Amino acid sequence: MYGAMKVAIGGPLKLGFRPWVEGLENIPAEGPAILASNHLSFSDSFFLPAVLDRKVTFIAKAEYFTTPGVKGKMTAAFFKGVGQLPVDRSGSRGAGEAAIKSGIEVLERGELFGIYPEGTRSPDGRLYRGKPGGLARVALSTGAPVIPVAMIDTEKIQPPGKVMPKLMRPGIRIGKPLDFSRYHGMEGDRFVLRAVTDEVMYEIMKLSGQEYVDMYATAAKRQIADAEKAAKAEKAEKEAAKKALEKERGGS
């Protein structure tokens, strides 16, 4: 199914958007490897596999695979076809442990595992602090090399609120594999996990040219949401005060 979906989706993506790629030679012809990428757009998980000869497996919310009805079955078939694995977030430690387990299983099969260290899409195109749990623990548990990847301009293809995508050329830069064998057996050390994650994020920053922000993207999204909420409240308060003033003047 993956091959069929790659032809059905990857072919038109490459033909229509003509993504440029640098560093394809850094992807091993065989054997396990972790592709650690920045995350700008929903389309990142489609453009990257489209330009690779090998299958790459990402993780996705279990809800994508369990929604009932015809639409739910079609959605599940689509995500399975493009190499996505369901992650059950109902466990005691949530999606983190499930993602780590899924990643290890993919790598033990000698395949490519794709992961976004930021944990979520960037809210403003900048590069945010990587979460140390998933990426570093999978890398140290399996010994698989980590290949930094930079998606470029994918967020400009279909910005939030836009229905029709913009035909433009996104880019993909693939860096040289990073070897963390010096930390073998230290996946339980939080300082080592932080060091591994920061090293990967630094390489992604060099490849992407993004401004780096030393905070988690999830926290940035909360700040943005809170600011928008406060702005709306302030606007509503001003409008209410204006109406009250107009009413007062009209009655005098």
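Model, not experiment: these values are computed from the prediction.

## Notes on the overall build of the chain
For the chain, the helix and strand inventory stands at eight helices and nine strands. Burial analysis of the chain (252 residues in total) assigns 41% to the buried set. Once local pairs closer than 6 in sequence are excluded, the contacts in the chain between residues at least 24 apart make up 78%. As displayed, the chain offers around 14,200 Å² of accessible surface, 56% of which is attributable to carbon and sulfur atoms.

## Re the pairing of strand E8 (residues 171-174)
Working note: regular strand, side chains alternate between the two faces of the sheet. Where strand E1 (residues 20-22) meets E8, three bridges bridge the pair, whose relative direction is parallel. Considered in E8, the bridge of Trp20 is made with Gly171.

## A closer look at the pattern of salt bridges
With the rule as written, the count across this model stands at 10 salt bridges. Glu111 serves as the salt-bridge partner of Arg109, at 3.3 Å between the closest nitrogen and oxygen. It is possible to trace a salt-bridge network through shared partners that takes in Asp124, Arg126 and Glu211.

## Concerning the packing of aromatic side chains
Considering all chains together, one arrives at three aromatic pairs under this definition. Look at Phe42 and Phe46: their rings are 5.3 Å apart centre to centre, the planes differ by 65 degrees, and that puts the pair in the edge-to-face class. On the basis of relative accessibility, which here comes to 41%, the residue Phe42 falls in the partly exposed class. Judged by its relative accessible area of 13%, Phe46 falls in the buried class. With a centroid separation of 5.3 Å and 20 degrees between ring planes, the pair formed by Phe58 and Tyr116 is classed as stacked. Of this pair, Phe58 sits in strand E3 (residues 56-61) while Tyr116 sits in the loop between strand E5 (112-115) and strand E6 (127-128); the two residues are 58 residues apart in sequence, bridging distant segments of the chain.

## Description of helix H2 (residues 44-51)
Of all eight residues making up H2, eight are buried, and the element is well covered by its neighbours. Restricting attention to buried positions, one finds in H2 the residues Asp44, Ser45, Phe46, Phe47, Leu48, Pro49, Ala50 and Val51.

## Things to note about the confidence of the model for the chain
The predicted model of the chain averages 85 in pLDDT, with 83% of residues at 70 or higher. For the chain, the element scoring lowest by mean pLDDT is helix H3 (residues 63-66), at 61; strand E7 (residues 146-152) scores highest, at 98.

## Some thoughts on the nonpolar core
Grouped together as the largest cluster of nonpolar side chains are 25 residues, with contacts concentrated most on Ile34, Val146, Phe180 and Val200. Here this core gets six residues from one element, more than from any other, and that element is helix H7 (residues 190-208). In contact with Ile34, not counting residues within four places along its chain, are Leu107, Phe113, Ile115, Leu135, Val138, Ala139, Ala144, Pro145, Val146 and Ile147. Membership of the second largest hydrophobic core comes to 21 residues, among which are Val51, Leu52, Leu112 and Met168.

## Examining helix H6 (residues 134-142)
Those residues of H6 not exposed but buried are Leu135, Ala136, Val138, Ala139 and Leu140. Phi for Gly143, located one or two positions after H6, is positive at around 75 degrees.

## Regarding the pairing of E7
In terms of burial, E7 is a largely internal element, seven of the seven residues being buried. Neither face of E7 is open: one carries Val146, Pro148, Ala150 and Ile152, the other Ile147, Val149 and Met151, and all of them are buried. Note: strand E2 (residues 33-37) against E7, four bridges, orientation parallel. Looking at the pairing, Ser37 lines up with Val149 of E7. Of the pairings in the sheet, the one linking E7 to E8 comprises four bridges and is antiparallel in character. Residue pairing for E8: Ala150 is matched across the bridge by Arg173.

## Overview of the layout of surface pockets
In this structure, the second largest pocket spans a volume of roughly 420 Å³. In terms of lining residues, the second largest pocket is bounded by 21 residues, among which Leu40, Ser41, Phe42, Arg121 and Gln158 are the most central. Those elements that place two or more of their residues in the lining of the second largest pocket are helix H1 (2-17) and H2. The residue inventory of the lining of the second largest pocket, partitioned by class, reads 11 nonpolar, six polar and four charged.

What counts and what doesn't
The numbers attached to residues start from 1 for each chain and follow its sequence in the written order. Reporting of local features is limited, given that this is a predicted model, to residues whose pLDDT is at least 70; pairs of side-chain atoms are given and counted only at 80 or more, and all residues count toward the totals for whole chains, interfaces and linings. The side-chain numbers reported here are obtained from all heavy atoms of the structure, hydrogens and water having been left aside. Only DSSP runs of H or I with at least four residues qualify as helices, and only runs of E with at least two residues qualify as strands; both kinds are numbered from the N terminus onward. The buried label applies to any residue whose accessible area, calculated with a 1.4 Å probe on protein chains only, is under 20% of its type's maximum; exposed applies above 50%, and partly exposed to all values in between. Contacts are residue-level and defined by heavy atoms, with any inter-residue pair within 4.5 Å sufficient. Each accessible area is a Shrake-Rupley result for a 1.4 Å probe, and residues are judged covered by the shown protein chains and nothing else. Only when DSSP finds a minimum of two bridges between them are two strands counted as paired. A side-chain nitrogen of Lys or Arg and a carboxyl oxygen of Asp or Glu constitute a salt bridge if their distance falls within 4 Å. Note on aromatic contacts: the rings of Phe and Tyr and the six-membered ring of Trp form a pair at centre separations within 6.5 Å, being stacked when their planes are under 30 degrees apart, edge-to-face when over 60 apart, and tilted otherwise. Every residue gets a pLDDT, meaning the predictor's confidence in that residue, from 0 to 100. Among buried residues, the Ala, Val, Leu, Ile, Met, Phe, Trp, Tyr and Cys ones that are joined through side-chain atoms within 4.5 Å form a nonpolar core. Points on a 1 Å grid over protein atoms alone make up a cavity when a 1.4 Å probe fits among them but cannot get out, and a pocket when they form an open set with protein on both sides within 12 Å along at least five of seven lines; lining residues each have an atom within 4 Å of a point. Grid points are joined across faces, edges and corners, and a volume is the space filled by probe spheres set on the points. As a working rule, the residues Ala, Val, Leu, Ile, Met, Phe, Trp, Tyr, Cys and Pro are called nonpolar, Asp, Glu, Lys and Arg charged, and the rest polar, with Gly in that last group.

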